[in-house]
Amino acid sequence: MKNSAIAFVDVETTGLNPAIHEIIEICIITDKETYHTKIAPKRIDLADSRSLEINGYNPKDWADAPSFKDVHIKIMRLLAGKTIAGHNPKFDIEFINEAFAHVDSHFETGYRVLDTITLAYEHLYPLGLKSLSLDAIRVFLGWDRTNAHTAIQDCKDTKRLFKYLLRFGIVERSILKFKRRFF
């Protein structure tokens, strides 16, 4: 698989249920561009207050945000044919697909996904990581948590984690090969 086929994705939402809650922020990072936008919610009255608090939502900062309908073509172009990578990307994909359905788009994300939770479980859990949340991983690795729970920072950190753990796995395999060969 070529790296250009990967789109790192993160969404922030008004709650946990894609049937009633909405995307209020999205970030997509490909090898060619980083796209980030806030998205104006249509049904803020259905929002979960805790989710809004975590995501830092306030009407003033979202006053000029476009609707999902305004940005769905750009999102579709960035995701078409890509493998989606994320930290629990199933969550993001469910919300994205539901948002496309609400704007009467026939686009659905592909079925290929890369989940950094799986990589963290494989490589960091044995080293003492207690939780697989992105915040816990940031703390475990000594990464800055400034702007956590914004789509752009979470997406950047997910890409960073993916690359870090991918290299970590290569190093682990190299050490094992060396040990088998010489010991």
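Scroll up a little and you will see the structure.
These notes cover the structure that comes with them. (Residues numbered from 1 in each chain as written. Predicted model: local features only at pLDDT ≥ 70, side-chain atom pairs only at ≥ 80, totals over all residues. Heavy atoms only, no water.)

Along the protein chain, the regular secondary structure elements total six helices and five strands. In the protein chain, the succession of helices and strands from N to C terminus is β-β-β-α-α-β-α-β-α-α-α. Counting every position in the protein chain, which comprises 183 residues, the buried fraction comes to 43%. Across the protein chain, every contact between residues at least 6 apart in sequence was considered, and the portion connecting residues at least 24 apart equals 65%. Summed over all atoms, the accessible surface of the protein chain reaches about 10,500 Å², with 54% contributed by carbon and sulfur. (Helix = DSSP H or I, 4+ residues; strand = E, 2+ residues; numbered from the N terminus. Buried < 20%, exposed > 50% of the residue type's maximum accessible area, 1.4 Å probe, protein only. Contact = heavy atoms within 4.5 Å. Areas by Shrake-Rupley, 256 points an atom, 1.4 Å probe, with all protein chains shown as cover.)

To continue, consider helix α3 (residues 89–102). Between its terminal C-alpha atoms α3 stretches 20 Å, which fits the 20 Å expected from 14 residues at 1.5 Å a residue. Of the positions making up α3, those classed as buried are Pro89, Asp92, Ile93, Phe95, Ile96, Asn97, Ala99 and Phe100. (Expected span 1.5 Å × (residues − 1).)

Our next topic: the side chain of Glu25. Note on placement: Glu25 falls in strand β2 (residues 23–29). The charged side chain of Glu25 is buried without a salt bridge, its nearest counter-charge being Lys38 at 5.2 Å. In terms of polar contacts, Glu25 uses its side chain to reach the backbone amide nitrogen of Ala151, at 3.4 Å. Residues in contact with Glu25, not counting those within four places in the same chain, are Asp10, Val11, Glu12, His36, Thr37, Lys38, Ile39, Thr150, Ala151 and Ile152. (Lys, Arg positive; Asp, Glu negative; His and termini not counted. Salt bridge = Lys/Arg side-chain N within 4 Å of Asp/Glu carboxyl O. Polar contact = N/O pair within 3.5 Å; in protein donor to acceptor, adjacent residues only side chain to side chain.)

Before going further, it helps to spend a moment on the environment of Lys74. Note that Lys74 resides in helix α2 (residues 68–79). In contact with Lys74, not counting residues within four places along its chain, are Glu33 and Tyr35.

Let us look at the sheet that holds strand β5 (residues 113–115). The five strands lie next to each other as β3-β2-β1-β4-β5, forming an open sheet whose pairing is mixed. Looking along the sheet, the strands with just one partner apiece sit at the ends: β3 (34–38) and β5. Averaged over neighbouring strand pairs, the angle between their axes works out to 25° when direction is ignored. Alignment of β2 against β3, held across five bridges, turns out to be antiparallel. Bridging from a neighbouring strand, Ile28 pairs with Tyr35 of β3. Sheet contacts for α3: β1 (6–13), β2, β4 (83–86) and β5; angle to β1, the most-contacted strand, approximately 75°. (Pairing = 2+ DSSP bridges. Axes fitted to C-alpha atoms, helices over the stretch in contact; angles between N-to-C directions.)

Moving on to the pattern of salt bridges. Under the counting rule described, the total for this entry stands at nine salt bridges. One salt bridge connects Asp135 with Arg138, and the closest N-O pair in it is separated by 2.9 Å. Of this pair, Asp135 and Arg138 both sit in helix α5 (residues 134–141), separated by three residues, roughly a single helical turn. In terms of burial, Asp135 and Arg138 fall into one category: buried. Take Asp135: its relative accessible area is 17%, and that puts it in the buried class.

Next up on the list: empty space enclosed by the protein. On inspection of all chains with the given rule, the structure shows one cavity of 30 Å³ or more. In this structure, the largest cavity is lined by 16 residues; those nearest its centre are Glu22, Arg43, Phe68, Ala99 and His102. Counting residues per element, the ones that place at least two in the lining of the largest cavity are α2 and α3. At four residues, the largest contribution of residues to the lining of the largest cavity is made by α3. (1 Å grid on protein atoms, 1.4 Å probe; cavity = no way out; pocket = protein on both sides within 12 Å on 5 of 7 lines; lining within 4 Å. Points joined across faces, edges and corners; volume = space filled by probe spheres on them.)

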